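# Topology and contacts: notes
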Amino acid sequence: MKKRLMLAGFAVALATGYTLPAFSQVKPETLVKQRQAAMTLQGKYFGPIAGMAQGKIPYNAEVVARNAAYLDVLNKMPWDGFAESTKDLKDVKTAALPAIWNEPAKFKDAQEKFQGAVSRLVAATKTGDETNIKAAILEVGKGGCGNCHQNFRQKD
Ligand code: HEC
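Residues numbered from 1 in each chain as written. Predicted model: local features only at pLDDT ≥ 70, side-chain atom pairs only at ≥ 80, totals over all residues. Heavy atoms only, no water.

### Examining the nonpolar core
Basically, it comes down to this: Nonpolar cores were defined as sets of buried Ala, Val, Leu, Ile, Met, Phe, Trp, Tyr and Cys residues, with membership established by side-chain atoms within 4.5 Å. Burial status follows relative accessibility: with a 1.4 Å probe on protein chains alone, a residue under 20% of its type maximum counts as buried, one over 50% as exposed, and anything between as partly exposed. To qualify as a helix, a DSSP run of H or I must reach at least 4 residues; to qualify as a strand, a run of E must reach at least 2; elements of each kind are numbered from the N terminus. Whether two residues touch is decided by their heavy atoms; if any such pair falls within 4.5 Å, the residues are in contact.
Judged by nonpolar contacts, the single largest core of 30 residues is most densely connected at Leu121 and Ile137. Looking at this core, the elements with two or more residues in it are helix H2 (28-53), helix H3 (61-74), helix H4 (99-102), helix H5 (104-125) and helix H6 (130-152). The biggest single contributor to this core is H5, with 8 residues. With near-sequence residues (within four places) excluded, Ile137 lies in contact with Phe46, Ile49, Ala50, Ala53, Val64 and Leu121.

Take a look at the structure:
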């Protein structure tokens, strides 16, 4: 059974020209690029709604609901990019701090806090309560992005 599954996976890899991680290691430089890309997209979709919560941009409930839903997916993507293989790279521009690998439980906790805050934001967008929604956005920023960057990202 296992062997058949493996063969099936291999056939898919061959047919699509796409090799699964089990068949080839992704290059550390690529992992860094990909995790930064996921972060950049989080910035893209969080920035405007943070501006709305702060009263800097006119509030738009539809954009908030859409962006919250996007973040709810994006917030699962960056983490496998912080693989051990990316720990001591030279000649790669990264702001990841060693604490990510020295304190893995704390890093994981920061991810979960962030994901929890996004889940609460998604739930809030379904109530239509603007005050609540704005508070939930600010909490994603402070308890989510901000909390982790504070401890795990190099300040520029
Ligand atoms: C659990 C930790 C964590 C959370 C939560 C988190 N980040 Fe990050 N973020 C990082 C780390 C670490 C880096 C540095 C990655 C690198 O340079 O390799 C980073 C980098 C970035 C970057 C720079 C990307 C680049 O191209 O170099 C942006 C933008 C960013 N984060 C936005 C956000 C936003 C917006 C949120 C919340 C919606 C968020 N992040 C949540 C850890 C986190």
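Back to the text.
### Points about the site of the ligand
We apply this condition: Here a residue counts as near a molecule or strand whenever at least one of its heavy atoms sits within 4 Å of it. We define a polar contact as two N or O atoms separated by no more than 3.5 Å, with the added condition that, inside protein, one atom must be a possible hydrogen donor and the other a possible acceptor, whereas residues neighbouring each other in sequence contribute only through side-chain atom pairs. Lys, Arg, Asp and Glu make up the charged group, whereas Ala, Val, Leu, Ile, Met, Phe, Trp, Tyr, Cys and Pro make up the nonpolar group; the residues left over, Gly among them, are polar.
Around the ligand sit 23 residues, and of these Met39, Thr94, Cys145, Cys148 and His149 come closest. At 2.8 Å, a side-chain N or O of Gln36 approaches an oxygen atom of the ligand. The separation between a nitrogen atom of the ligand and a polar side-chain atom of His149 is 2.8 Å. For the shell around the ligand, the secondary structure elements donating two or more residues are H2, H5 and H6. It is H2 that contributes the most residues to the shell around the ligand, 7 residues altogether. Grouping the constituent residues of the shell around the ligand by class yields 13 nonpolar, 8 polar and 2 charged.

### Section: the pattern of salt bridges
Basically, it comes down to this: The term salt bridge refers to a side-chain nitrogen of Lys or Arg lying within 4 Å of a carboxyl oxygen of Asp or Glu.
Applying the stated criterion across every chain, the model contains 6 salt bridges. When the shortest N-O distance is used, the salt bridge between Lys76 and Asp72 registers 3.8 Å. Residue Glu130 is joined to Lys134 by a salt bridge in which the shortest nitrogen-to-oxygen separation is 3.0 Å. Of the two residues, Glu130 and Lys134 are both situated in helix H6; the distance of 4 residues between them amounts to about one turn of the helix. With a relative accessible area of 35%, Glu130 lands in the partly exposed category.

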